[in-house]
Amino acid sequence: MTLQGDSLKKTIGETRDKWGWFIALGVLLLIFGGIAFGNLFIATVASVYMIGWLMLFAGAIEIVHSFGVKTWGRFFYWFLSGLLYAVAGFFAFYNPLLASTVFTFLLAVALIAAGLLRVWVGYQHWSEKGSGWIVTAGVVTALAGLVIAMHWPVNSLWVLGLFLAIDLVFQGWTFIAFGLALKKAI
């Protein structure tokens with residue numbers, strides 16, 4: 001066996017030994033998902049704050065990067081881009097309800113666009129096996145975007161929280177299943 005193969009085998013073995021940690025993480029994510037389902041408004045605000053932190057961090061990085069650029073035109077591009085990100089991140093903290101309204105609208109638009117693109121790709125490859133699934137996924141995605149858009153802005157108080165709760169639950173079950181599979185592999 002090669003050196004890479006031995007290293008991979010060792011890493012897999014070490015991962016198998018940690019199966020309990022994967023299950024524990026999965027249970028923790030399920031609990032957080034349940035809490036998020038219990039109060040979708042708080043979960044929405046938490047989502048907005050997380051996006052706000054990411055935007056502030058990205059803005060700071062772009063502003064710092066702008067000082068390393070050699071031309072004035074590019075300096076102003078990076079500086080203004082970073083400033084815009086930072087202001088948007090600050091705005092998410094200053095008024096999370098209005099930010100959730102904007103983010104929910106952008107989510108609806110993105111889902112509709114992604115769904116329509118999937119439908120188009122599925123029809124372009126209609127003769128290939130599995131293209132029906134692509135079209136179906138596109139229709140479901142576009143319909144989800146339309147449902148969100150039709151109830152906007154009222155649903156802005158809970159839609160992001162619902163997406164967060166669903167994601168936490170699915171990730172929790174995924175980690176539990178992975179941990180159990182690792183346990184069986186021992």
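What you are looking at is a predicted structure, and each value in this text was computed from that prediction instead of being measured.

A. Structural detail: helix H5 (residues 96–124). Taking 1.5 Å of rise per residue, the 29 residues of H5 would be expected to cover 42 Å, and the 41 Å separating its terminal C-alpha atoms lies within 8% of that figure. For H5, the complete set of buried residues consists of Pro96, Ala99, Ser100, Thr101, Phe103, Thr104, Ala108, Leu111, Gly115, Val119 and Gly122. Against helix H3 (40–66), helix H4 (72–94), helix H6 (131–150) and helix H7 (159–185) lie the buried residues of H5.

B. Just unusual backbone geometry, in detail. Backbone torsion omega between Trp152 and Pro153 reads 10 degrees, so that peptide bond is classified as cis. Along the chain, Pro153 falls in the loop between H6 and H7.

C. Looking closely at the packing of aromatic side chains. As enumerated under the stated definition, the model contains 14 aromatic pairs in all. One aromatic cluster in this structure is built from Phe67, Trp72, Phe75, Phe76 and Phe79.

D. Structural view of the nonpolar core. Core analysis: the biggest nonpolar cluster contains six residues, these being Val48, Met55, Ala92, Ala99, Phe103 and Leu160. Of all the secondary structure elements, the ones that give two or more residues to this core are H3 and H5. Setting aside anything within four residues of it in sequence, one finds Phe103 in contact with Val48, Ile51, Met55 and Leu160.

E. The arrangement of the side chain of Asn155 in detail. Tracing the backbone shows Asn155 in the loop between H6 and H7. By relative accessible area, which is 3% here, Asn155 ends up buried. When near neighbours in sequence (up to four residues on either side) are disregarded, Asn155 contacts Thr104, Val147 and Ile148.

What counts and how
- Residues numbered from 1 in each chain as written.
- Predicted model: local features only at pLDDT ≥ 70, side-chain atom pairs only at ≥ 80, totals over all residues.
- Heavy atoms only, no water.
- Helix = DSSP H or I, 4+ residues; strand = E, 2+ residues; numbered from the N terminus.
- Expected span 1.5 Å × (residues − 1).
- Buried < 20%, exposed > 50% of the residue type's maximum accessible area, 1.4 Å probe, protein only.
- Contact = heavy atoms within 4.5 Å.
- Phe/Tyr/Trp six-rings, centres within 6.5 Å; stacked < 30°, edge-to-face > 60°.
- Core = buried A, V, L, I, M, F, W, Y, C linked by side-chain atoms within 4.5 Å.

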